[in-house]
Amino acid sequence: MEDFWIPRNLDATPLLFIWEADIAFVYVSWVVIGGILEMLTVGLIFSVIVGRAYARLKEEGGPGLILKFLYWYTPSEFWLSRNLPSNVREYCG
């Protein structure tokens, strides 16, 4: 009867063992790429660097982080509205 798992909160992310699944995927994918290229040490180093950077960005940004980066750091004339340029930081009225 008790073979189910209840998350601590409703926003709990999927886990792979004890790690969050998307962060574990970043680590594993860089190790696999390093193994395929026969540079396992480089793959391990890159997995630690990229995995920690991804985890930090994920914690700071929340949902829609990539869209926020694109809005603020790319020219808005190419793919956003010409009426709402990204260099205008504040609208009055």
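Residues numbered from 1 in each chain as written. Predicted model: local features only at pLDDT ≥ 70, side-chain atom pairs only at ≥ 80, totals over all residues. Heavy atoms only, no water.

### Observations concerning the overall build of the protein
- A tally of regular secondary structure across the protein gives 4 helices and 2 strands.
- Secondary structure elements in the protein, listed N-terminal to C-terminal, are β-β-α-α-α-α.
- Looking at the protein residue by residue over its 93 residues, the buried ones come to 13%.
- For the protein, contacts bridging at least 24 residues in sequence account for 27% of all contacts bridging at least 6.
- Carbon together with sulfur atoms contributes 67% to the accessible area of the protein, which is approximately 8,500 Å² in total. (Helix = DSSP H or I, 4+ residues; strand = E, 2+ residues; numbered from the N terminus. Buried < 20%, exposed > 50% of the residue type's maximum accessible area, 1.4 Å probe, protein only. Contact = heavy atoms within 4.5 Å. Areas by Shrake-Rupley, 256 points an atom, 1.4 Å probe, with all protein chains shown as cover.)

### Structural notes on a nonpolar patch on the surface
- A cluster of nonpolar side chains, namely V28, V32, I33, I36, L37, M39, V42, I45, F46 and I49, defines an oily patch on the protein surface of about 920 Å² accessible area.
- Listing elements by their share of the nonpolar patch, those giving two or more residues are α1 (21–36) and α2 (40–61).
- Of note, V32 is situated in helix α1. (Patch = residues over 30% accessible without salt bridge, like charges linked within 9 Å, V, L, I, M, F, W, Y side chains within 5 Å. Salt bridge = Lys/Arg side-chain N within 4 Å of Asp/Glu carboxyl O.)

### Here's the deal with the packing of aromatic side chains
- The tally for this structure, following the rule as stated, stands at 1 aromatic pair.
- When the ring of W30 is compared with that of F46, the centres are 5.4 Å apart and the planes differ by 40°; the resulting orientation is tilted. Here F46 lies in helix α2 and W30 lies in helix α1, a separation of 16 residues in the sequence. (Phe/Tyr/Trp six-rings, centres within 6.5 Å; stacked < 30°, edge-to-face > 60°.)

### What to know about the packing of α1 against α2
- At a minimum axis separation of 8 Å, α1 and α2 run at an interaxial angle of 160°. Between α1 and α2, the interaxial angle falls into the category roughly antiparallel. Regarding α1 and α2, the two cross each other, and that crossing is right-handed. The segment α1 lies against α2, with D22, I23, V26, Y27, W30, V31, G34 and G35 engaging L40, G43, L44, F46, S47, V48, V50, G51, R52, Y54, A55 and K58. (Axes fitted to C-alpha atoms, helices over the stretch in contact; angles between N-to-C directions. Parallel < 35°, antiparallel > 145°, perpendicular 65-115°, else oblique. Left-handed = near helix turned anticlockwise from the far one by under 90°.)

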